[in-house]
Each structure stands twice: as structure tokens, then as C-alpha cells.
Amino acid sequence: MDAVNLLGLDRDALDAYVARLDEKPFRARQLMRWIHRRGAAEFDAMSDLAKSLRTKLAGRATISAPAVIGDGVSSDGTRKWLLDVGRGDAIETVFIPEDDRGTLCVSSQAGCAVNCVFCSTGKQGFSRNLTTAEIVGQLWWAEHTLRRDAVPAVSGEGERIISNVVMMGMGEPLQNYEAVLPALRLMLDDDAYGLSRRRVTLSTSGMVPQIDRLAQDCPVALAVSLHAPNDALRDQLVPLNRKYPLRDLLAACQRYLRVAPRDFITFEYVMLDGINDSDAQARELVALVRDVPCKFNLIPFNPFPGADVRGSAPARIRAFAQTLIDAGIVATTRKTRGDDIDAACGQLAGEVRDRTRLAERSGRRPIAVAVRTA
Ligand code: SF4
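Let me sum up the structure you'll find in this document. Model, not experiment: these values are computed from the prediction. (Residues numbered from 1 in each chain as written. Predicted model: local features only at pLDDT ≥ 70, side-chain atom pairs only at ≥ 80, totals over all residues. Heavy atoms only, no water.)

1. Regarding the sheet that holds strand E14 (residues 330-333)
Whenever strands of a sheet pair, they do so through backbone hydrogen bonds, lying parallel or antiparallel. Reading across the sheet, the 10 strands line up as E3-E4-E5-E6-E9-E10-E11-E12-E13-E14 and stay open at both edges, with mixed pairing between neighbours. One side of each edge strand has no neighbouring strand; the edge strands of this open sheet are strand E3 (67-73) and E14. For this sheet, the mean inter-axis angle between neighbouring strands, taken without regard to orientation, is 20°. (Pairing = 2+ DSSP bridges. Helix = DSSP H or I, 4+ residues; strand = E, 2+ residues; numbered from the N terminus. Axes fitted to C-alpha atoms, helices over the stretch in contact; angles between N-to-C directions.)

2. What to know about the side chain of Ser203
Relative to the assigned elements, Ser203 resides in strand E10 (residues 200-204). On the basis of relative accessible area, Ser203 is assigned to the buried category, the value being 9%. Among the polar contacts made by the side chain of Ser203, one reaches the side chain of Glu268 at a distance of 3.1 Å. Once you skip the residues sitting within four places of it in the chain, Ser203 turns out to touch Met167, Met168, Glu172, Pro173, Ala223, Ser225 and Glu268. (Buried < 20%, exposed > 50% of the residue type's maximum accessible area, 1.4 Å probe, protein only. Polar contact = N/O pair within 3.5 Å; in protein donor to acceptor, adjacent residues only side chain to side chain. Contact = heavy atoms within 4.5 Å.)

3. Some points on the packing of helix H1 (residues 11-20) against helix H2 (residues 26-37)
For the pair H1 and H2, the least separation of the axes is 8 Å and the interaxial angle reads 125°. Looking at the two axes, H1 sits oblique to H2. The two elements H1 and H2 meet at a crossing, and its hand is right-handed. Facing H1, whose interface residues are Arg11, Leu14, Asp15 and Val18, H2 presents Arg27, Ala28, Leu31 and Met32. (Parallel < 35°, antiparallel > 145°, perpendicular 65-115°, else oblique. Left-handed = near helix turned anticlockwise from the far one by under 90°.)

4. A few points about the side chain of Arg27
Along the chain, the position of Arg27 falls in helix H2. For the buried Arg27, no salt bridge is present, and the opposite-charge side chain at shortest range is Glu23, 4.2 Å distant. Excluding residues that lie within four positions of it along the chain, Arg27 makes contacts with Val18, Asp48, Leu49, Ala50 and Leu53. (Lys, Arg positive; Asp, Glu negative; His and termini not counted. Salt bridge = Lys/Arg side-chain N within 4 Å of Asp/Glu carboxyl O.)

5. Side note on a positive patch on the surface
A surface patch of positive charge is lined by Arg160, Arg198, Arg199 and Lys295. Residue Arg198 is classed as partly exposed on the basis of its relative accessible area of 43%. (Patch = residues over 30% accessible without salt bridge, like charges linked within 9 Å, V, L, I, M, F, W, Y side chains within 5 Å. Areas by Shrake-Rupley, 256 points an atom, 1.4 Å probe, with all protein chains shown as cover. Charge placed at Lys NZ, Arg CZ, Asp CG, Glu CD.)

6. Topic: the packing of aromatic side chains
The tally for this structure, following the rule as stated, stands at 4 aromatic pairs. Ring centres of Tyr269 and Phe296 lie 6.4 Å apart, and the angle between their planes is 65°; this geometry places the pair in the edge-to-face category. Of this pair, Tyr269 sits in strand E12 (residues 265-271) while Phe296 sits in strand E13 (residues 294-300); the two residues are 27 residues apart in sequence, bridging distant segments of the chain. A relative accessible area of 1% means that Phe296 is categorised as buried. Here the aromatic residues Phe267, Tyr269, Phe296 and Phe320 are joined through ring pairs into a cluster of three or more. In this structure, Arg38 is placed above the aromatic ring of Trp34, and the distance from its NZ or CZ to the ring centre is 4.3 Å. Between Lys295 and the ring centre of Phe264, over which it is positioned, the NZ or CZ distance is 4.2 Å. (Phe/Tyr/Trp six-rings, centres within 6.5 Å; stacked < 30°, edge-to-face > 60°. Lys NZ or Arg CZ within 6 Å of the ring centre and 35° of its normal.)

7. Concerning the pattern of salt bridges
Following the criterion strictly, the structure yields 16 salt bridges and no others. A salt bridge links Glu92 to Lys80, with the shortest nitrogen-to-oxygen separation between them at 3.4 Å. Of this pair, Glu92 sits in strand E5 (residues 90-97) while Lys80 is found in strand E4 (residues 79-84), placing the two residues 12 residues apart along the sequence. The same class applies to Glu92 as to Lys80, namely buried. The shortest N-O distance in the salt bridge between Asp212 and Arg255 comes to 2.9 Å. Of this pair, Asp212 sits in helix H7 (residues 208-217) while Arg255 is found in helix H9 (residues 246-257), placing the two residues 43 residues apart along the sequence. Residue classification places Asp212 among the partly exposed positions, given a relative accessible area of 26%. Through salt bridges with shared partners, one network takes in Arg11, Arg29, Arg33, Asp189 and Asp191.

Take it as geometry only, folks, not as evidence of what the structure does.
Shown next as C-alpha cells:
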């Protein structure tokens, strides 16, 4: 029988596992703290666990994150790891240090089946969903590696380097709901990473039923990749829109806001030259979201090999933002981080065996709705 990877067990699952070993319930909490708060990878290091339990665990469990096969640091301090998840697939995880926070961008799938036209991951096609252990393993690895590397060293259980997690790496997290949910629960658990729901953001391209499920199960902060002010354009930029059009998506956002930890939805909008960046489109966007309390995060497009769209000029982004601001919407332009190591938004590619041959099948047609009316 395969060893159980304890990185993938949230509180309920770890409680059940410890009960199956005929151990007292408090052992689960001890184990969780050793693994996630202290970064222990060996049972022998868990000094307050009975020797008999350590021996039991050593025979049937592991604490095992994906192996690191690449580690790059950008001139701006952004750090990107390439992690081997087996069978020819590798995923990427990015740490973005800022003055007041440390954000980890986590992947949820090897590749992505949504196939957004401006995204390097989408272009690679889809291989498979990550397991909970592979998702949490990214945080576990990053947090404890960064602690070890910190100068002066960060010690103790309570001092975290990663203060925020964004599920915005490779993959559509809500297409891997069953594995993502326990991962989110571990991020929030005080005996694991203890992050508040406001500091964990899940980004989706618009999986409407799963947005409703997340609202019930674990309402963390929600970011929605909008990228277009109407269905005709969004159908082309984010093909999932054909299944869940804007009307349904925005209604789901409104329902989510009833339980969300923040009183707004973050809309992400990648700025594409001549495609979605006109003043008329900004005005259309204002009308579209008028009933949804929201903030806009405008994302300068980060080019990648084979991309067939171009980014908007900085002046165009400023003008677009101003239209939103003039309408009373908070709009910020994301600072590009880590682009010298291909770690910026939309650049994560990893190495994916495209089992769906999705990119090949769908082809890359020119975007037909390229309107610039202003
Ligand atoms: S932007 Fe997100 S949902 Fe779209 S292809 Fe890339 S990873 Fe998938």
C-alpha cells in the first residue's frame, strides 16, 4: 500500500487518519503543527510524539512536497520554483516579496484546459489536476525554505514569511475543486498556516457552480478573470465564457459577496492592445459591473514565446483606468514582477504533457472582435 502523504490531509482528514492508527485525537494537532508550522519532514524530528507513534508513521506515511528542479530569483526579488510533479509534468510557484507582505502564487493544475488566449499556461494544454498534497506542498516548501534562507533567520512557529496566498498560478482552481478545498482549509487552519480568509485569494475564470460551492464551503477572497466587457469578446478571450456567460458570472459574484471576507470582488483585466483596451470598452465595462461592488486590477500583458496578442501601451492603460476611476470604481494597475525570470502573470508555463491536445485542437485563430472605437 502506498504511504499516505500527510501534506494532503486537512484537519478532518488528519483526525480520521490518527483515529485509524488508534491514537488519541490530540496527536493530530501535534502532527499538524510539526508539519505545517515547523516544516518538519521527518517523523524522528517530532520530539514530543511518542516513539511508538513515530515508528508507526515512518512505516506508513510521508511528508513529501514536489521536488524542486528549478529555482530562479528575479532582479526585483521575485522567486520562482519549478517543481516536478512526475510523469513529465512540472509546475511553477512564485513568491513575490513586498514591503508589507509576502505573497505566494500557487498552481492548482499541471497545465490548464480553459485555454485563455493571453496565457502561457493555457497555451500548453492540460495534463492533470494536482493533488491536495501537491498544492499545499508548494506553500510548505516555500514557507520553510524562505524561513531557512531569511537573513536574519526567522525562527519559531509563529513568524511567517508568506502572509498572503493567491491561487493564481497554473490552472483553473475551481476545475480541481475537490483537491483545492482541503488545501484552502489548511491555509486557514491556525495549526497549519493560520492565514485569514482575506489573505487567501482564489482566482477563477468563471466556474459559476463552483463559485457557489466555494461560498458554502470556504469563502476566501475571490478574484475573477474578466478581461472583456461583453460576451462576444469574452467568448474569444476566455472560452469558458461560452458555458458561463457574463450575466450568470456576475450574478454568482453577487451571491458570493453575501459571504465573502471582503466586501468587493476583484476583477482582473489583462490589457491587450486593440482588443479590449478602448475607452468605449472601458465605459461598457463600467455599465456591466454597475451592480457588483468591485475593484479592478488592470494587468499589463506579459509576453511569452508564441503569444499572438500584444500588450497595451502604458498611456492606454492609464486612460482606461481613468475611465473606471471617473465612474467611481477603484482601479489599480498591477506592477509587473519577475518578468526577467518569466514569473509574471500569464507567463507561468512549467512543463506539461498536454494529454488533451487541447491547444493543438483548438488552434489559435486571430481574435475577430478587435474594436478600437476611441
Ligand atoms: S488565465 Fe488561468 S484559466 Fe485562463 S488558461 Fe491561464 S491558467 Fe487557465
